[in-house]
Amino acid sequence: MDGFDHRIAPSFFICPISLQIMKDPVTISTGMTFDRESIQKWLFSYKNISCPITKQPLSDFRLTPNSNLLRLIQSWHLQHASSSSSSTKFAEPNHDALMKVLLEEIKQPHLQVNALRKIKSLIQENDGDNNKISCIRDDTLFSLAASLVVQTELPGIPQITGNDTPVIAEAVSLLCLLRPSDEALKMVSQNENGRLICSLCSIMTQYLSYLQIRIQAALVLKSIFEVVDGVYKEGLKFEFFENIIEILKDQNSKHGSVAALSILIRVLKYGNNKEKAIKGGLIPILIELLAEDNDQGRVCEMMLVVLEKLCQKAEGRAAFLTHPAGMAAVLSKILKVSHVGDDKSISLLSCVLRFCTSSGEAAQEFIEVGGVTKICSVIQSGCHSKTKEKAREVLGFHLKTWNKSPCFPFLDVARLGIIGNLNSQVRIYRD
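Below or above, wherever it landed, is the structure these notes cover. (Residues numbered from 1 in each chain as written. Predicted model: local features only at pLDDT ≥ 70, side-chain atom pairs only at ≥ 80, totals over all residues. Heavy atoms only, no water.)

### A closer look at a nonpolar patch on the surface
- Together, Phe44, Ile49 and Phe61 line one region of the surface with nonpolar side chains, adding up to about 290 Å² of accessible area.
- Within the secondary structure, Ile49 sits in the loop between α1 (36–45) and β3 (64–65).
- For Ile49, a relative accessible area of 56% puts it in the exposed group. (Patch = residues over 30% accessible without salt bridge, like charges linked within 9 Å, V, L, I, M, F, W, Y side chains within 5 Å. Areas by Shrake-Rupley, 256 points an atom, 1.4 Å probe, with all protein chains shown as cover. Salt bridge = Lys/Arg side-chain N within 4 Å of Asp/Glu carboxyl O. Helix = DSSP H or I, 4+ residues; strand = E, 2+ residues; numbered from the N terminus. Buried < 20%, exposed > 50% of the residue type's maximum accessible area, 1.4 Å probe, protein only.)

Encoded structure:
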């Protein structure tokens, strides 16, 4: 096996001690794999009694041959040697052999973490090569990784205990890298009354000290909620929404924010999810994020979509009006984000102002923060016709009140097209 450059080999082929491709891989009691010659020197020549990687004391000094990994290395050598291109990055180990490694090692608790890391390493090294992604789309691999997350006892696989946080963490991390078919994703997710969904939600609520695991669980749930039936989106616990909010508050992970917002967009219309999200304090968080956000892109648009959904509830509108920056934050995004952002902003303001006709405070705040001027700009802009019509309705709700304010701009109501709405709105005020 000499003569090969170890720098182009998959990382899990490399002995952590010699940093060379392993010739005779063996596994010690901690689950770590080394080249036999190197670990023998470490243990018997240098008289070490701990694992070189984990530093755990060793009570068992047996060296177990890792025959599956050896076959992978041998296969890699053969393919690499036969390659005629000097620019080849590396030859991919056979997919069937890769699956055998996982299926064999997953049966042994002390090898599970190592096996999952090997699969992740291979996927990440092959990422971006369209000719080497068959394993990434493997439905069987997704099902197997999911079984570790839900702690299901499969034939020949020991039950995972609550102490096996590393196994759960590695399994969730692997699920993030896999791209199963929609059919497989839906089937696995809905199996056993949605046990995978429940497990991922539990991870988000129980592993409070592991933000990265919670974000990865949210990323998997994002994909799941895109394909499962509505019944599996009902009954989400209050704590789940609290953790979604925590992910949103962590601005260091844009992927986490996108996943959290995508989940909210998918699930809010089901059951009492809106009420739970509102009770958890989602609205003030969204307002503050909108007020601080200088990025006028997709995340901002998604926040407006979620906020508009929440304000369809009376308690949502109350929470929105209670926040001193609510009106200003939403108005600041109009004509700056997207057509969808404009439409949702106008719909949100329309919903809030429509149900606040008996209170002059909301109307007064709206004009003081430049709301009327902004709405007029929308009507005269290149927005979609339906968005303009909603803007005209917003002007009509409190036009009688706003017309008395010194902050009210001079308007040609006939040219803006709101004269037709005015009589009906006046009847509302009289009632």
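After that view, the rundown keeps rolling.
### Here's the deal with helix α13 (residues 298–310)
- Between its terminal C-alpha atoms α13 stretches 19 Å, which fits the 18 Å expected from 13 residues at 1.5 Å a residue.
- Across the 13 residues of α13, 11 count as buried, placing the element largely inside the fold.
- For α13, the complete set of buried residues consists of Val299, Cys300, Glu301, Met302, Met303, Leu304, Val305, Val306, Leu307, Glu308 and Leu310. (Expected span 1.5 Å × (residues − 1).)

### A word on the sheet that holds β3
- Across the sheet, which stays open at both edges, the three strands sit in the order β2-β1-β3 with antiparallel pairing between neighbours. Whereas interior strands pair on both sides, the edge strands pair on one side only; in this sheet they are β2 (33–35) and β3.
- Examined bridge by bridge, strand β1 (residues 25–27) and β3 share two bridges and lie antiparallel to one another. Residue Thr27 lies in a different strand from β3, and its bridge partner there is Thr64.
- Lying on the sheet, α1 is in contact with β1, β2 and β3; it crosses β2 at an angle near 95 degrees. (Pairing = 2+ DSSP bridges. Contact = heavy atoms within 4.5 Å. Axes fitted to C-alpha atoms, helices over the stretch in contact; angles between N-to-C directions.)

### Brief notes about the packing of helix α16 (residues 339–354) against helix α19 (residues 385–397)
- At a closest axis distance of 9 Å, the pairing of α16 and α19 adopts a crossing angle of 25 degrees. Considering their axes alone, α16 and α19 lie roughly parallel with respect to each other. The interaxial crossing formed by α16 with α19 has left-handed handedness. Contact residues: Asp342, Asp343, Ile346, Ser347, Ser350, Leu353 and Arg354 in α16; Thr387, Lys390, Ala391, Glu393, Val394 and Phe397 in α19.
- Classifying every residue of the contact of α16 with α19 by side-chain character gives five nonpolar, three polar and five charged. (Parallel < 35°, antiparallel > 145°, perpendicular 65-115°, else oblique. Left-handed = near helix turned anticlockwise from the far one by under 90°. Nonpolar A, V, L, I, M, F, W, Y, C, P; charged D, E, K, R; others polar.)

### As for the environment of Gly316
- For Gly316, the position within the fold is in helix α14 (residues 314–322).
- You can call Gly316 buried: its relative accessible area is 0%.
- As for Gly316 and Lys279, which are separated by 37 residues in sequence, their C-alpha atoms are 9.0 Å apart.
- Setting aside its immediate chain neighbours within four residues, Gly316 contacts Ile278, Ile283, Leu310 and Cys311.

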